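Survey of secondary and tertiary structure
Letter by letter, the chains look like this.
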Amino acid sequence: MSDEKLLLDYLRFCDSVTSNPSKNQEDFSDALDIIEEQGVAPERILTAALGICAEGGEFTEVIKKCVFQGKPMDEQAKYHLKRELGDILFYVAQACIALGISMDDVIETNIEKLEARYPGGFDAYLSNNRKEGDI
């Protein structure tokens with residue numbers, strides 16, 4: 001199989017396993033309407049999701065440069081990380097607004113999840129062998 005045919009076959013395959021809202025404006029719009037009918041502002045939750053990923057990437061970029069490229073983990077790097085964490089927090093707040101929950105709710109839910117997962121504190125075995133339903 002030629003490289004060109006392989007690429008074309010792969011593109012066709014990718015298209016065949018892509019949801020309709022991901023490739024059709026009308027279906028995308030319908031999906032947004034359904035989310036809105038379920039009480040979540042689609043524009044705000046999309047802003048939050050995209051922003052968390054983008055800012056998380058910027059945070060990761062600083063860490064990557066310090067770990068793999070010799071950038072010092074100095075005050076400037078820490079300040080940059082702090083600013084990126086603030087941006088992530090901004091988008092977490094956007095998600096909370098969209099979902100109608102408080103940041104306290106998120107923190108409390110996270111504590112409950114982690115206490116159930118690690119009742120005696122962190123355990124590598126439990127981290128790698130989660131109970132059914134523990135996502």
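In this report, the structure presented in the accompanying data block is examined. This is a predicted model, so every value here is computed, not measured.

What follows covers the overall build of the chain. Check the secondary structure of the chain and you find six helices and zero strands. Across the chain, helices and strands are ordered from the amino to the carboxyl terminus as α-α-α-α-α-α. Its C-alpha atoms give the chain a radius of gyration of 21 Å, more than 25% over the compact-globule value 14 Å for 135 residues. If one aligns the C-alpha atoms of the chain with their principal axes, the spans along those axes are about 50 × 45 × 35 Å. Expressed as a percentage of its 135 residues, the buried residues of the chain come to 14%. Expressed as a percentage of contacts within the chain between residues at least 6 apart in sequence, the contacts between residues at least 24 apart total 42%. Carbon and sulfur atoms provide 58% of the accessible area of the chain, an area that totals close to 10,400 Å². In the chain, 14 side chains carry a positive charge and 26 a negative one; their mean positions are 9 Å apart.

For helix α1 (residues 3-16), which comprises 14 residues, the first-to-last C-alpha distance of 20 Å matches the rise-based estimate of 20 Å (1.5 Å per residue) to within 8%. Buried residues are scarce in α1, accounting for zero of its 14 residues.

Tallied over the full model, the rule gives seven salt bridges. Residue Lys64 is joined to Glu61 by a salt bridge in which the shortest nitrogen-to-oxygen separation is 3.2 Å. A residue pair is termed a helical-turn pair when its members lie 3 or 4 positions apart in one helix, as Lys64 and Glu61 do in helix α3 (residues 42-68) at three residues. Look at Lys64 and you get partly exposed, because its relative accessible area is 32%. According to the relative accessible area criterion, Glu61 is partly exposed, its value standing at 32%. One salt bridge connects Asp134 with Arg117, and the closest N-O pair in it is separated by 2.7 Å. With Asp134 in the segment after α6 (124-128) and Arg117 in helix α5 (residues 103-117), this pair connects stretches of sequence that are 17 residues apart.

Quick notes on the rules
- Residues numbered from 1 in each chain as written.
- Predicted model: local features only at pLDDT ≥ 70, side-chain atom pairs only at ≥ 80, totals over all residues.
- Heavy atoms only, no water.
- Helix = DSSP H or I, 4+ residues; strand = E, 2+ residues; numbered from the N terminus.
- Rg over C-alpha atoms; globule rule 2.2 N^0.38 Å.
- Buried < 20%, exposed > 50% of the residue type's maximum accessible area, 1.4 Å probe, protein only.
- Contact = heavy atoms within 4.5 Å.
- Areas by Shrake-Rupley, 256 points an atom, 1.4 Å probe, with all protein chains shown as cover.
- Lys, Arg positive; Asp, Glu negative; His and termini not counted.
- Charge placed at Lys NZ, Arg CZ, Asp CG, Glu CD.
- Expected span 1.5 Å × (residues − 1).
- Salt bridge = Lys/Arg side-chain N within 4 Å of Asp/Glu carboxyl O.

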